[in-house]
Amino acid sequence: MQRRGFLKGLAGACALTAVGVPSVTLAAKKKPKGPNEMPYKKALEVITHGKGAVDSPKVKLVVPEIAENGAVVPVKVTVDHPMEPGNYVQEIHILASKNSNARCADLFLTPENGKAYFATRIKLGGTQEVVAVAKLGDGSYVKAHKSVKVTIGGCG
Amino acid sequence: MAKRKSLIKIKPRKYKVGDIVKVDFIVIHPMDTGMRKDKKTGKIIPAHYINDVQFFYNDKLVTKLVVWESVSTNPYFSINMKITGPGKIKVVYKDNLGEVNEKTKKVKPKKG
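Chains are numbered independently. Their residues run from 1 in the order of the written sequence. Chains carry letters and ligands carry numbers; both start at the beginning, A for chains and 1 for ligands, and go up in the order they are written. Two thresholds apply to this predicted model, a pLDDT of at least 70 for residue-level local features and 80 or more for giving and counting side-chain atom pairs, whereas whole-chain, interface and lining totals are computed over all residues. To get the side-chain values, take all heavy atoms of the structure and skip hydrogens and water.

## Examining the environment of Lys149(A)
Residues and elements named next belong to chain A.
Part 1 of the reasoning: With respect to the helices and strands, Lys-149 occurs in strand E9 (residues 141–152).
Part 2 of the reasoning: Think of it in three bands: residues with accessible area under 20% of the maximum for their type are buried, residues over 50% are exposed, and the middle band is partly exposed, with areas taken using a 1.4 Å probe on protein chains only. Residue Lys-149 is classed as exposed on the basis of its relative accessible area of 52%.
Part 3 of the reasoning: By definition in these notes, contact holds between two residues if any of their heavy atoms fall within 4.5 Å. Leave out the neighbours within four places in its chain, and Lys-149 touches Glu-65, Ile-66, Ala-67 and Thr-127. In DSSP terms, a helix is any run of H or I states spanning at least four residues, a strand is any run of E spanning at least two, and both are numbered starting from the N terminus.

Shown next, in the form of structure tokens:
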């Protein structure tokens, strides 16, 4: 019985340390928040003015499936839509669903662009989805999303 | 005010009036997010990022970009533009500490 009691005590102590230590390290290692923190859902709401966006094959999003370095992830967006005065792609937004600030870049186009195309490189904090939202001439929003696997995060 | 290195590239290199070309813009900039720590001192590096880029073609605004801190270091932006004649492309970029810089490139479309 003595042995059992001793083991129980030991297990309890282990559990305590197991619970106690990580919470302390977590608190110490808690990532500082960026200056413009905005979660993905709120960012989407702000961008679409509460209307929401519909998945559409019109938006073509090209991102790598696996990004070795999260600090440099190339993103390419094309929108298959005419660019005539009066009916053109007005806006393109690039969002990362789990970054502390989900918004990456907002593009405001004019008919002089000729074609709705945008390419850039973004940072991803971890494995997550990259979303491209486009505003069409009639005021509707369409989007496309793709998940990117990140082996090394790019924000810390 | 720090002088920044930047570059405008038009692709393809030979183009005619009426062509739709790619305009690439690259600028050397740290793009600090305000979330990273200095490894030596342990202090958080304050946020310093480009937040506004505007593409002008013959002094007419073609594209406006609002950029947030999650764009990579030494940012690269590529857009399309329709060539309507000779002139220049001007890119004006601002960052969150108030730095304003610009870069111009001449547009020389080929005849025929």
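## Section: the side chain of Lys135(A)
All names here are of chain A.
Part 1 of the reasoning: Mapped onto the elements of the fold, Lys-135 is located in strand E8 (residues 128–135).
Part 2 of the reasoning: We count Lys and Arg on the positive side and Asp and Glu on the negative side, and we leave His and both chain ends out. Salt bridges are identified by distance alone: a Lys or Arg side-chain nitrogen within 4 Å of an Asp or Glu carboxyl oxygen. Salt bridges are absent for the buried Lys-135, whose nearest opposite-charge side chain, Glu-91, sits at 4.1 Å.
Part 3 of the reasoning: Discounting residues that sit within four places of it in the chain, Lys-135 has contacts with Tyr-88, Val-89, Gln-90, Glu-91, Ser-140 and Tyr-141.

## With respect to the interface of chain B and chain A
Accessible area lost upon the coming together of the parts serves often as the stated size of an interface.
Part 1 of the reasoning: Of the residues lining the interface, 32 residues belong to chain B; the matching set on chain A comes to 32 residues.
Part 2 of the reasoning: By buried area we mean how much accessible surface two parts lose on assembly, using a 1.4 Å probe and totalling the loss over both. Approximately 2,900 Å² of surface area, both sides summed, lies buried where chain B meets chain A, with 51% of it carried by carbon and sulfur atoms.
Part 3 of the reasoning: Counting the contacts that link chain B with chain A gives one salt bridge.
Part 4 of the reasoning: A salt bridge links Glu112(A) to Lys60(B); the shortest N-O distance between them is 2.8 Å.
Part 5 of the reasoning: Counting of polar contacts relies on pairs of N or O atoms within 3.5 Å, with two restrictions inside protein: one atom must be capable of donating a hydrogen and the other of accepting it, and residues adjacent in sequence are counted only when both atoms are side-chain atoms. Taken together, chain B and chain A are joined by 23 residue pairs in polar contact (both at pLDDT 80 or more).
Part 6 of the reasoning: Secondary structure elements with two or more residues in the side of chain B that touches chain A: strand E2 (20–27), strand E4 (60–67) and strand E5 (76–82) of chain B.
Part 7 of the reasoning: Here the side of chain B that touches chain A gets eight residues from one element, more than from any other, and that element is E4(B).
Part 8 of the reasoning: Each residue gets one label: Ala, Val, Leu, Ile, Met, Phe, Trp, Tyr, Cys and Pro are nonpolar, Asp, Glu, Lys and Arg are charged, and the others, such as Gly, are polar. Grouping the amino acids of the side of chain B that touches chain A by side-chain chemistry returns 17 nonpolar, nine polar and six charged.
Part 9 of the reasoning: Note: strand E7 (residues 116–122) of chain A against E5(B), three bridges, orientation antiparallel. Within E5(B), the position partnered with Ala119(A) by the bridge is Ser78(B). Here a strand pair is declared whenever DSSP counts at least two bridges between the two strands.

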